[in-house]
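# Examining the three-dimensional arrangement
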Amino acid sequence: MNDNNTAMIDKYRNSFLREVEDNVEQGEWVKMCMQCGVCSGSCPFGPHWEHPPQELFMMIRAGKRDAVLGTESMWMCTSCYNCVVRCPREIPITHIMHGLANYAHRLGLAPKVNPTRRFAKIFWDNISKNGRVNETSLSIKLYFMDGYSAGVKRAVEMANTGLGMFRTKRLNPLALISYKGIENPKQLQSMLKKAREIEGRRKGYPG
Amino acid sequence: MTDAVPTNETILVVGAGISGVTAALEAAECGKDVVLVEKSPSVGGRVAQLYKYFPKMCRPLCGQEINQRRMDASRRLRLYTMAEIESVTGEAGNYDVSIRIRPRYVNENCTACGACADAVEAEIKNPHNLNLNAVKAAYIPYSMSYPQRYVLDPSIIGTDDAQKAKEACQYGAIELDMEEATVEIKAGAIIWATGWNPYDAAKIQPYGYDRYDNVITSLELERMMDPSGPTGGRILRPSDNREARSIAFIQCAGSRDQNHLSHCSRICCMASLKQSTYISEKYSIDSDATTTIYYIDIRTIDRLEDFQKRVQADEKVRFIKSKVANITEDRISGDVVLHGVNTEGYQRYDNQHDLAVLAIGMEPSVRAGAVGSGIAGDKSGFIQADANNGAIFGAGCAANALDVNRAVQSATAAALRAIQVVNGVAATEAGS
């Protein structure tokens, strides 16, 4: 829970569908779903979702705000786009899944330990720091996400892959010490900050 | 039948399916001269391919016989078969139409005795049975063909087979030197009733119609049910010719889908409900034969809902609310496996069936844009009523996705509009 969440609850009260339409990327498509279920049936990760997409859409329309924003389901999406190409109404389901995940994160409702969310955060911090992804430090951070011993274990498991990538010049260990990103990352950071301010003003986020 | 010269008080009807025949007869019986043009060798159209039609579950050939007697009795109707419209010029009340007639190689002396078919050896795919079986290259399209006259396939002209056919005919009915002809006529109004085609099922890739033998279309099932059809009235799996006992119907195959046909084809729900009764008709009540209907929502309107209620009461028919995501094939048995999620309870399923029937959607045979430049059509190509269409009126499935009942209503409406136009022409001429 954070201030954004309280502000949104105040603003939309019982109309969760409107909240989604206003705040979630491509959220205006949610009302178009005709509940045929082809997205859920087409999802390769389907059996592992708590709520498949078409169920999420119905839950949004039924106003189940806490259940939707607190679920791990949309974090399971791997962007394979199977659902999007098969959807008879051409609903951009993949985008909505990422939009929902992002929105839940902004409101502080996303599940804290979800690995996809944590990776997304590591990735974002990495890319916004230099303007380009530093793959070496990204992999190290990812490996040691669950603590030192888990990280060492994972690194040993992947040692051969890492060496192979090093040999074929796909991985540069020196990037740990010095990594040149874009020319002026400070400018990028101030742009991102500004964009975030504008979005916050438009959507009414206090924080 | 008449030989009166067509004038601009004549009504031209394009397509002799149930809609075209109805429109032509209604206009002719109102005293108007009518020219009816049909592309294939016989009238009847799609309806003639159906085993039964809903909701009364009677044989379409019965209704067709009534219409054929009406055509025989009508002195104001002229029928051209194997004919297509080449061009239409002019305006409401004054059209010049050019009709191209393909050679039939059989004249009106034909008694439909069938001696030519016995003599000929070459075979062609049988279009009446959707190419599911073969027929001799001298053939009559189906038992109730009208006119009752054989036709020679152009592929045998110039071969020995053609000579054999000619020699076999005792009535001098075979004319091998028949040539393509063009007829120019006048018409005051045109009723466009070119009907529908099933949507190309192979385009619905996840259902594998092009890959799996045991995925068929609803229209193919209709032909299978016909005692004179390709399987002699038995529901056989194409992969091994075994009787199918567990049959799945997939609704909205192509319809209501922005990737395929954006419209609802209207007939498919009732068609599958109807076909589910075929299963109970074919197999005894204590057999293990079952039907499963996968649907988004069942659209039976008006009194047709009673039919749905009756089918729902049948324990052997199961309804699963789900658009099937995809079909795979069990390689050993040849069974089809349907994958998806039952949205009532969000149950994931992988259901194995003997046969999957795609309740295929309909699209107009001739899209509005191809009827003539400026003819108004909707997104799917159905002809829309529009003042700029002049006196060209869509009827039946050329104008909308309709069942037989509503197609006939649509045809009658089109006939009335056409009659008003030619009445206007007659009044002007009388006044001048």
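Predicted model, so just to flag it, every value in this text is computed and none were measured.

## Quick word on the overall build of chain A
Assigned secondary structure in chain A consists of 12 helices and zero strands. Listing the helices and strands of chain A from first to last along the sequence gives α-α-α-α-α-α-α-α-α-α-α-α. When the backbone C-alpha atoms are referred to their principal axes, chain A occupies close to 55 × 40 × 30 Å. A total of 207 residues make up chain A; the buried ones form 27% of that total. Taking the intrachain contacts of chain A between residues at least 6 apart in sequence as the baseline, contacts between residues at least 24 apart amount to 62%.

## A short note on the interface of chain B and chain A
At the junction of the two partners, chain B supplies 17 residues and chain A supplies 17 residues. Broken down by element, the residue count for the side of chain B that touches chain A peaks at three residues, all from strand S18 (residues 336-342) of chain B. Per-class residue counts for the side of chain B that touches chain A are six nonpolar, seven polar and four charged.

## Concerning the packing of helix H1 (residues 18-29) of chain B against helix H9 (residues 404-431) of chain B
Residue and element names in this part refer to chain B. Where H1 meets H9, the axes come as close as 8 Å, and the angle between the chain directions of the two elements is 40 degrees. Relative to H9, H1 is oriented oblique. Our pair here, H1 against H9, has a crossing hand that is right-handed. Counted together, Ile18, Ser19, Thr22, Ala23, Glu26 and Ala27 of H1 and Val404, Ala407, Val408, Ser410, Ala411, Thr412, Ala414, Ala415, Ala418 and Ile419 of H9 form the full contact between these two elements.

## Considerations on unusual backbone geometry
All names here are of chain B. The linkage connecting phenylalanine 54 with the following residue, proline 55, adopts the cis geometry, with an omega of -5 degrees. Tracing the backbone through its elements, the reader meets proline 55 in the loop between strand S2 (34-37) and helix H2 (60-73). A cis amide bond, omega 0 degrees, links tyrosine 146 with the succeeding residue proline 147. Structurally, proline 147 can be placed in the loop between strand S8 (138-139) and strand S9 (151-152).

## Observations concerning the domain arrangement of chain B
Residues and elements named next belong to chain B. The domain architecture assigned to chain B consists of domain 1 (11-102 + 180-195 + 365-431), domain 2 (115-168) and domain 3 (199-362). With centres defined by C-alpha atoms, the gap from domain 1 to domain 3 works out at 32 Å. Across the contact, 13 residues belong to domain 1 and 18 residues belong to domain 3. Across the side of domain 1 that touches domain 3, the residue classes break down as eight nonpolar, two polar and three charged.

## Notes on the pairing of strand S4 (residues 83-91) of chain B
Each regular strand shows side chains that alternate between the opposite faces of the sheet. Residue and element names in this part refer to chain B. Sheet topology places S4 next to strand S5 (residues 94-101); eight bridges connect them, and they run antiparallel. The partner of valine 88 across the bridge, within S5, is valine 97. Linkage of S4 to S5, two consecutive antiparallel strands, is achieved through a turn of two residues, within which glycine 93 is found at a positive phi near 85 degrees.

## A few points about the nonpolar core
Residues and elements named next belong to chain B. Grouped together as the largest cluster of nonpolar side chains are 146 residues, with contacts concentrated most on Ile190, Ile191, Trp192, Leu358 and Ala418. The dominant element in this core, judged by the number of residues it contributes, is H9, at nine residues. In this structure, Cys116, Ile140, Ile156 and Cys169 belong to the second largest nonpolar core, which totals 18 residues.

## Details of the sheet that holds strand S1 (residues 11-14) of chain B
Residue and element names in this part refer to chain B. Spatial strand order, S3-S2-S1-S11-S22: five strands in an open sheet with parallel pairing. Each of the sheet's edge strands pairs with one partner strand only, and the pair in question is strand S3 (77-80) and strand S22 (392-394). On average, each strand axis in the sheet is tilted by 20 degrees relative to the strand beside it, whichever way the strands run. As defined by bridge partners, strand S11 (residues 189-192) adjoins S22 across three bridges and the pair is classed as parallel. Residue pairing in the sheet places isoleucine 190 in a bridge with isoleucine 392 of S22. Set on the sheet, H9 makes contact with S1, S11 and S22; between it and S11 the angle comes to about 170 degrees.

Criteria and thresholds
- Residues numbered from 1 in each chain as written.
- Chains lettered and ligands numbered in written order.
- Predicted model: local features only at pLDDT ≥ 70, side-chain atom pairs only at ≥ 80, totals over all residues.
- Helix = DSSP H or I, 4+ residues; strand = E, 2+ residues; numbered from the N terminus.
- Buried ≥ 20, exposed ≤ 12 C-beta atoms within 10 Å, placed from the backbone.
- Contact = placed C-beta atoms within 7 Å.
- Nonpolar A, V, L, I, M, F, W, Y, C, P; charged D, E, K, R; others polar.
- Axes fitted to C-alpha atoms, helices over the stretch in contact; angles between N-to-C directions.
- Parallel < 35°, antiparallel > 145°, perpendicular 65-115°, else oblique.
- Left-handed = near helix turned anticlockwise from the far one by under 90°.
- Domains from an automatic or database assignment.
- Pairing = 2+ DSSP bridges.
- Core = buried A, V, L, I, M, F, W, Y, C linked by C-beta atoms within 7 Å.

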